[in-house]
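Coordinates in review
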Amino acid sequence: MAKHAVLSSASHLWRSIRCAKSELSLDLTLACGQSFRWRQTAEGHWTGVMSGHVWTLTQTDDTLWYHVYTKQDKKTTGQERKISVSDAVKKEETGETGEGVKDAVKKEKERRSVGASGRSSEEEMLRDYFQLDVKLGDLYSKWGAADCHFKHIADIFTGVRMLRQDPTECLFSFICTSNNHISRIQGMVERLCQALGTPLCHLDQTSYHDFPTLSALADSRVEARLRDLGFGYRARFLQQSAAQILDTHGPRWLQGLRSVPYQQACDALRTLPGVGIKVANCVCLMALDKSEAVPIDTHVWQIAKRDYNFAAGKEQKTITDKLHKDIGDFFRELWGPYAGWAHSVLFCADLKKFQSLKEESSVQQLKRERGSSARGKQIKREHNETVTLKTHKKTKLSIKKEKGT
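Note that the structure is a prediction, hence the values are computed from the model and not measured. Counting of residues starts from 1 at the beginning of each chain's written sequence and follows it residue by residue. Note on the predicted model: pLDDT of at least 70 is required for a residue's local features to be given, and 80 or more for side-chain atom pairs to be given and counted; whole-chain, interface and lining totals, by contrast, use all residues. Values reported for side chains reflect all heavy atoms of the structure, with hydrogen atoms and water molecules removed beforehand.

1. A few points about the overall build of the protein chain
Numbering of helices and strands runs from the N terminus; a helix is a DSSP stretch of H or I covering at least four residues, while a strand is a stretch of E covering at least two. The helix and strand inventory of the protein chain stands at 19 helices and seven strands. When accessible area is computed with a 1.4 Å probe and restricted to protein chains, residues below 20% of their type maximum are described as buried, those above 50% as exposed, and intermediate ones as partly exposed. The burial tally for the protein chain puts 47% of its 405 residues in the buried class. Working definition of accessibility: Shrake-Rupley area with a 1.4 Å probe, residue cover restricted to the visible protein chains. As displayed, the protein chain offers around 21,200 Å² of accessible surface, 50% of which is attributable to carbon and sulfur atoms.

2. Quick look at helix α6 (residues 136–146)
Along α6, the positions that sit buried rather than exposed are L136, L139, Y140, W143 and G144. Axial view of α6: buried residues confined to an arc of 130°, hence all on one face. The exposed set on the far side of α6, more than 90 degrees from its buried face, consists of S141, K142 and A145. The criterion used for residue contact is that any of the two residues' heavy atoms lie within 4.5 Å. Those residues of α6 hidden inside the fold are in contact with α7 (148–154), α17 (321–335) and α18 (339–350). This arc is taken over the directions from the axis of the helix to the C-beta atoms.

3. Remarks on the side chain of N281
On the secondary structure map, N281 appears in helix α15 (residues 277–287). Not counting residues within four places of it along the chain, the set of residues in contact with N281 comprises Y262, C266, A293, V294, P295 and H324.

4. So, the sheet that holds strand β5 (residues 63–68)
Pairing between two strands is assigned when DSSP locates at least 2 bridges connecting them. Read from one edge to the other, the open sheet built from five strands follows the order β1-β5-β4-β3-β2, with strand pairing classed as antiparallel. This sheet does not close on itself; its edge strands, each paired only once, are β1 (15–18) and β2 (39–42). The sheet shows a mean angle of 35° between the axes of neighbouring strands, direction not considered. Pairing analysis gives six bridges linking strand β4 (residues 53–60) to β5, with the strands arranged antiparallel. Across the sheet, the residue bridging to Q59 is L64, located in β5. Axes here refer to lines fitted to C-alpha atoms; in helices the fit is confined to the stretch in contact. Angles between the N-to-C directions go from 0 to 180 degrees.

5. Some remarks on unusual backbone geometry
Phi at S51 is positive, roughly 55°, even though this residue is not glycine. Topologically, S51 is positioned in the loop between β3 (45–50) and β4. With a phi angle near 50°, D204 is a residue other than glycine that sits in the positive phi range. Locating D204 in the fold gives a position in the loop between β6 (199–203) and β7 (206–209). For D204, a relative accessible area of 32% puts it in the partly exposed group.

6. A look at α15
The element α15 is extensively covered by neighbouring structure, given that 10 of its 11 residues are classed as buried. Among the residues of α15, I277, V279, A280, N281, C282, V283, C284, L285, M286 and A287 are the ones counted as buried. D289 occupies a position one or two residues after α15 and carries a positive phi of about 65°.

7. Section: the side chain of T168
Tracing the backbone shows T168 in helix α8 (residues 167–175). Once residues lying within four places of it in the same chain are set aside, the contact partners of T168 are F211, P212, L214 and L254.

8. Notes on the pattern of salt bridges
Charged atoms that come close allow side chains of opposite charge to pair. A side-chain nitrogen of Lys or Arg and a carboxyl oxygen of Asp or Glu constitute a salt bridge if their distance falls within 4 Å. Following the criterion strictly, the structure yields 16 salt bridges and no others. R270 is paired through a salt bridge with D321; the nearest N and O atoms lie 3.0 Å apart. Placement of R270 in the loop between α14 (262–269) and α15 and of D321 in helix α17 is noted, with a sequence separation of 51 residues between them. The class for R270 is partly exposed, based on a relative accessible area of 31%. For K322, the salt bridge identified is with D326, shortest N-O distance 2.8 Å. Here D326 and K322 lie together in helix α17, a separation of four residues that amounts to about one turn.

9. Digging into the environment of W55
You can see W55 is positioned in strand β4. A relative accessible area of 0% means that W55 is categorised as buried. Between the C-alpha atom of W55 and that of A5, which follows or precedes it by 50 residues, the distance is 9.1 Å. Not counting chain neighbours up to four residues away, the residues in contact with W55 comprise W38, W46, T47, G48, M50, Y66, H67, V68, Y69, E122, M125 and L126. For this analysis, a polar contact is any N or O atom pair within 3.5 Å, provided that within protein one partner can donate a hydrogen and the other can accept it, and provided that sequence-adjacent residues contribute only side-chain to side-chain pairs. For W55, the side chain forms a polar contact with the main-chain oxygen of M50, separated by 2.9 Å.

10. Points about the packing of α6 against α18
Any two packed helices are characterised by how steeply their axes cross, that is the angle between the axes, and by the distance between the axes. At their nearest, the axes of α6 and α18 sit 11 Å apart, and the two run at 80° to each other. On the basis of the axis angle, α6 is roughly perpendicular to α18. Facing α6, whose interface residues are L136, L139, Y140 and W143, α18 presents W341, A342 and V345. Classification convention: Asp, Glu, Lys, Arg as charged; Ala, Val, Leu, Ile, Met, Phe, Trp, Tyr, Cys, Pro as nonpolar; all other residues, Gly among them, as polar. Considering only residue class, the contact of α6 with α18 consists of seven nonpolar, no polar and no charged. To sort the angles, those under 35 degrees are grouped as roughly parallel, those over 145 as roughly antiparallel, those from 65 to 115 as roughly perpendicular, and the leftovers as oblique.

Set out below in structure tokens:
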């Protein structure tokens, strides 16, 4: 049975990209509610589906490591192979291989294919997904200089990066987020993929499926099927939104929204069933290249009131369109054109699952302060003792001089 890859046991099957943890923290970025397809399959290892492939990612201090599963992985683990695919390619290139590994060779050559940049297609996918061309450290410095509260949070939550997701997956995943929490959304999205998506890989008794196509989601039987799977009223929104996109706009419409202005894209998304202003902003930020989009939910509203003394709409019980815009404008003025990225750092820091990081930081800070205080007292004591000793020596010298006189 094929198993999830682990870097320490089969490092030759992994590839890497130079990337410091300060530029990307997998543990924060993949668990903060942007995407619902990633699971931790070993300590520091994340497995999920992206661009029609199953990946396992991990990282060291300055390197992002990735393994992409192929059809070969469905039959054997990397450790069990008598001959690796990479070795097969080498033999095939020298004319030493037979018919038995031709399919594997073909797949490996596709994996090795490079673009104009000299990078493999897989590396390009990964760079695009994590938007690695954006220098996160520079952004953190700018946000910290403009916002002392952000600077304090950023010292703890480094490497929170915005994903660039497939627009269809992002939109229909976030339709599932209505009145929901992250763990339940993950289960819902997983059931959606297993029911309607193409099977990709089976690892450690876990099946991985691609995200459903618009055609699969638009099928008239989908609503009833999803209701049986516990989607409730969201089942209708999923089916109707897919059907409306295909019937009214066509299959490339969502991708096309990447090239239109932020507000236009947001308004267009809101014409779909089940898509309100928050979901539209999530899709704009996480899939449509609108870095200025700031999705506002109750968490972000509380952050604005608690940490920034934002007073507008203080007496309101719900987030209206106007309040959403006012809060978004406030943060856009504070943080600039990548306000949506900065917002995601504070959102991440406010999640209960990450509160232990704040507590650990507070303990470490307290230890530093105590150590500094103790060191200060020691220095002061040593200084006083030195002064006393010098005074004593001067007194003795003075007495000797007097006696000599």
